[in-house]
Amino acid sequence: MSQNAHTLQLFFQDPIQLKYCQLTYQYLVADQTDQASRWASKLGIADVAAIWDAEWFNQEVSAQPGHLRLRFDTGPHDALPLLALETLFAHGMQSAVLEVFYDQVGEVERLHFSNGQWVSRQTFFAQNPTLLPLVEPTDGGDDGAHANAKDPGKPIAISTMRVQEAQRKEQAQENVKALLEVAKASRELGGFKGLVAVLVLRAGLKGLLQAAAFTAVTVLLFKGLWLWLGLGLVLAIVLPLYYMNATAGELKAGNDSDDDTLSANP
């Protein structure tokens with residue numbers, strides 16, 4: 001079974017807060033939630049569910065010089081631990097590095113977070129120069145680290161990333177629901193009309209997905225958040241209509257051609 005292997009390096013300026021975080025995660029790994037909640041409360045975290053997902057497995061935690069290392073695995077389609085990162089940044093964490101190995105495709109991705117934002121590798125080490133030998137202990141210029149770094153075009157707040165992730169998940173659920181409804185309608189209609197309905201809606205979903213992909217890429221890579229969100233919204237209306245009209249036209253033309261052929265050859 002494919003899975004994603006996560007390694008989180010968590011850095012705190014205050015060694016006491018680092019120790020509280022260490023004890024919290026050690027008790028969570030040991031499945032002692034009451035003790036974990038007691039230490040988490042010292043960080044100001046009221047609910048350990050905000051920094052721990054019950055769906056994680058193969059969890060390990062270890063204290064490293066100056067930071068904490070947390071390892072866990074998830075399913076291949078599970079989201080990044082953005083809620084945990086956002087919560088920890090709100091309660092004393094200074095910076096974090098997340099490395100994910102995607103077993104399904106055999107690729108590694110490294111994301112850098114500083115002051116509650118996802119930042120580029122260059123920005124991260126400019127803001128946290130003392131962390132370079134801890135994050136990249138070989139020589140600080142490892143080509144692999146450069147290749148694996150996934151950098152945003154500009155710093156993005158983790159809260160914004162969570163909103164975008166929730167929107168993508170909601171859109172995916174709506175797409176699945178729409179497909180199920182179309183499949184049901186196609187069974188009820190039967191024959192050519194049902195096929196037309198399926199193909200036209202599929203074309204509409206294609207337009208929605210392209211609009212969503214365009215919005216995600218431009219928001220991440222370019223400045224002007226509201227400009228790109230607005231343009232993405234326009235495309236989410238225009239592209240589905242364009243593809244649906246084009247598909248319906250092609251099907252109608254093909255059907256008319258078939259009817260002409262049958263009329264000419266009774």
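Residues numbered from 1 in each chain as written. Predicted model: local features only at pLDDT ≥ 70, side-chain atom pairs only at ≥ 80, totals over all residues. Heavy atoms only, no water.

**Here we look at the overall build of the chain**
Along its length, the chain carries 9 helices and 7 strands. Intrachain contacts of the chain at a sequence separation of at least 6 include 65% that bridge at least 24 residues. Carbon together with sulfur atoms contributes 56% to the accessible area of the chain, which is approximately 15,100 Å² in total. (Helix = DSSP H or I, 4+ residues; strand = E, 2+ residues; numbered from the N terminus. Contact = heavy atoms within 4.5 Å. Areas by Shrake-Rupley, 256 points an atom, 1.4 Å probe, with all protein chains shown as cover.)

**Brief notes about the nonpolar core**
Buried together is how nonpolar side chains tend to be arranged in soluble globular proteins. If you look at the biggest cluster of nonpolar residues, it comprises 33 residues, and the most contacted ones within it are L10, C21, Y25, L88, M93 and F113. At the level of secondary structure, the elements contributing two or more residues to this core comprise β1 (4-12), α1 (15-29), α2 (33-42), β3 (67-74), α3 (82-89), β4 (93-102), β5 (107-114) and α7 (158-189). What L10 contacts, discounting residues up to four positions off in sequence, is L18, C21, Y25, H67, L68, L88, M93, S95 and A96. (Core = buried A, V, L, I, M, F, W, Y, C linked by side-chain atoms within 4.5 Å. Buried < 20%, exposed > 50% of the residue type's maximum accessible area, 1.4 Å probe, protein only.)

**So, the pattern of salt bridges**
This model, assessed by the stated rule, comprises 5 salt bridges. Notably, a salt bridge pairs E86 with R162, separated by 2.8 Å at the nearest N-O pair. In this pair, E86 is assigned in helix α3 and R162 in helix α7, connecting sequence segments 76 residues apart. In this structure R162 comes out as partly exposed when scored by relative accessible area, which is 35%. E99 is the salt-bridge partner of R110, the closest N and O atoms lying 2.7 Å from each other. (Salt bridge = Lys/Arg side-chain N within 4 Å of Asp/Glu carboxyl O.)

**Points about α1**
Taking 1.5 Å per residue, 15 residues should reach 21 Å; α1 reaches 21 Å between its end C-alpha atoms and fits that length. Restricting attention to buried positions, one finds in α1 the residues L18, C21, Q22, L23, T24, Y25 and L28. Where α1 is buried, its residues meet β1, α2, β2 (57-64), β3 and α3. One side-chain oxygen of the residue at the start of α1 lies 2.8 Å from the amide nitrogen of I16, identifying that residue as D14. Of the residues one or two after α1, D31 is the one with positive phi, at around 60 degrees. (Expected span 1.5 Å × (residues − 1). Polar contact = N/O pair within 3.5 Å; in protein donor to acceptor, adjacent residues only side chain to side chain.)

**Notes on the packing of aromatic side chains**
Scanning all chains against the criterion turns up 5 aromatic pairs. Geometrically, the ring pair formed by W52 and W56 is edge-to-face, given 5.4 Å between the ring centres and 70 degrees between the ring planes. Per residue, the accessibility class of W52 equals that of W56, and both read buried. Ring geometry for F124 against F125: centres 5.1 Å apart, planes inclined by 85 degrees, an arrangement best described as edge-to-face. Three or more aromatic residues joined by ring pairs make a cluster, and in this case those are Y25, W52, W56 and F72. (Phe/Tyr/Trp six-rings, centres within 6.5 Å; stacked < 30°, edge-to-face > 60°.)

**Some remarks on the sheet that holds β2**
Pairing in this open sheet of 7 strands is antiparallel, and the strands run β2-β3-β1-β4-β5-β6-β7 from one edge to the other. The outermost strands of the open sheet, each flanked by one partner alone, are β2 and β7 (156-157). For β1 and β4, the ladder comprises 9 bridges, and the chain directions are antiparallel. From the neighbouring strand, F11 faces β4, where its bridge partner is S95. Across the sheet, α3 lies against β1, β4 and β5, angled at about 165 degrees from β4, the strand it touches most. (Pairing = 2+ DSSP bridges. Axes fitted to C-alpha atoms, helices over the stretch in contact; angles between N-to-C directions.)

It is worth stressing that arrangement in space is one thing and function is another; only the former is reported here.
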